[in-house]
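# An overview of the molecular structure
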Amino acid sequence: ERNDPDLAEKRVQNVRIARENNELAENSRHLGHLIAQEYISKPALIDSTKFDMRIYVMVKSLKPLKAVVMKEGLARFCTTPYQPPTSDNITNAYMHLTNYHLNVTNEHFQNPDSKDGKAVLDSGKSTASKRSLQMALSQLNVDRDRFW
């Protein structure tokens, strides 16, 4: 499965970039269903790559609303250095999408170290394509106590 460009192509074949709201309806008719999110054109980067943070919340009650935010999560990284979208690179999903199932197929995907779950350099920075949220916050120089 890993490093299979055909599989990566299948996984992203229905990904569309809509520049205007009216394009969403057009894509929805074509695909049958739609998940939309705003594209961040100037994203925060770590080591020149885009990433997302997955933070887990357990909802204990709706009325009244009670929830527990887990203080650990994941950071998932693109596997190609970010460049602002152009007509030449917008289809490079490895550059613009942080989806794990997509990026695991890229030859540049880096597994965490099997010993401790992190690919950590001597400098203390991780290079793994999927990292702990705490490692990503550290690499962004974010005060973790203040973040939470």
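All figures in this text were calculated on a predicted structure; none of them were measured in a lab.

## Digging into the packing of aromatic side chains
Within the structure shown, the criterion is met by 3 aromatic pairs. Residues F147 and W148 carry aromatic rings whose centres are separated by 4.9 Å and whose planes lie at 90° to one another, so their mutual orientation is edge-to-face. Above the face of the Y100 ring, K130 is positioned so that its terminal group lies 4.2 Å from the ring centre. Cation over ring: R131 sits above F77, and NZ or CZ is 3.7 Å from the ring centre.

## Brief notes about the sheet that holds strand β2 (residues 66-77)
The strand order β1-β2-β3 describes an open sheet built from 3 strands, whose pairing is antiparallel. Strand pairing shows two members of the sheet lacking a second neighbour, β1 (51-61) and β3 (130-132), which therefore form its edges. Put simply, the sheet's adjacent strands are angled 30° from each other on average, direction ignored. Direction of pairing for β1 relative to β2: antiparallel, over a ladder of 9 bridges. Looking at the pairing, S61 lines up with K66 of β2.

## Describing the pairing of β2
Here β2 runs beside β3; their pairing, made up of 3 bridges, is antiparallel. Looking across to β3, one finds that L74 is bridged to S132.

Calculation notes
Residues numbered from 1 in each chain as written. Predicted model: local features only at pLDDT ≥ 70, side-chain atom pairs only at ≥ 80, totals over all residues. Heavy atoms only, no water. Phe/Tyr/Trp six-rings, centres within 6.5 Å; stacked < 30°, edge-to-face > 60°. Lys NZ or Arg CZ within 6 Å of the ring centre and 35° of its normal. Pairing = 2+ DSSP bridges. Helix = DSSP H or I, 4+ residues; strand = E, 2+ residues; numbered from the N terminus. Axes fitted to C-alpha atoms, helices over the stretch in contact; angles between N-to-C directions.

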